[in-house]
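One letter stands for each residue in the lines below.
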Amino acid sequence: MHMKSVAILIFFCLNHLIGAAQIAKPEPEPTPITKDSALKIRDIHEALNLLASDSIVQGTVSLISRKSSVSERWKPAKGFADPIIVQMFSQSQYRDRLVFEDFIVIRAGKQVKLEPKTYVLK
């Protein structure tokens, strides 16, 4: 009888783990982009396909390589002409990722947290 209780307990644990794995959202595929194309993006609205009426509250832009991770707070007024962003791109390599995360915008009077958006350098 004791073995039967252990078997039932293991069954419920495995069932819980499988259920939790199915609930997790898959990460969206990164969008391929060249360095030149990335530097031609005029502003965050274009990078994240936002409406012109959306007002950005905050966000983080990171260039993540296999060697290290550099993260810069977004400065909307400077756009991609910001010297830090240009420097990050000049040091980037093939398959580095440009990640936009933790962005909050005001849309129709409400704060909306955006899903992260990732570009991969090709």
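A brief look at the structure comes next. (Residues numbered from 1 in each chain as written. Predicted model: local features only at pLDDT ≥ 70, side-chain atom pairs only at ≥ 80, totals over all residues. Heavy atoms only, no water.)

**Focus: the nonpolar core**
Thought 1: Membership of the largest hydrophobic core comes to 18 residues, with the highest contact counts inside it found for Ile44, Leu48, Phe100 and Phe103.
Thought 2: If you list the elements that add at least two residues to this core, you get helix 3 (44–47), strand 2 (55–64), strand 4 (97–107) and strand 6 (117–121).
Thought 3: Here the element with the most residues in this core is strand 4; it accounts for 4 residues. (Core = buried A, V, L, I, M, F, W, Y, C linked by side-chain atoms within 4.5 Å. Buried < 20%, exposed > 50% of the residue type's maximum accessible area, 1.4 Å probe, protein only. Helix = DSSP H or I, 4+ residues; strand = E, 2+ residues; numbered from the N terminus.)

**Notes on unusual backbone geometry**
Thought 1: Located in the positive-phi region is Arg95, a residue other than glycine, with phi close to 75 degrees.
Thought 2: By the element assignment, Arg95 lies in the loop between helix 4 (83–90) and strand 4.
Thought 3: Judged by relative accessible area, which is 47%, Arg95 ranks as partly exposed.
Thought 4: In this model, Ala108 sits at a positive phi of 55 degrees, which is unusual for a non-glycine residue.
Thought 5: Within the secondary structure layout, Ala108 lies in the loop between strand 4 and strand 5 (110–113).
Thought 6: Classification of Ala108 as exposed rests on a relative accessible area of 78%.

**Brief notes about the pairing of strand 4**
Thought 1: Note: strand 2 against strand 4, 8 bridges, orientation antiparallel. Its bridge partner lying in strand 4, Gln58 is registered against Ile104.
Thought 2: One ladder, built from 4 bridges, connects strand 4 with strand 6; its direction is antiparallel. Pairing of Val99 across the sheet is with Thr118, part of strand 6.
Thought 3: Here strand 4 pairs with strand 5 via 4 bridges, running antiparallel. (Pairing = 2+ DSSP bridges.)

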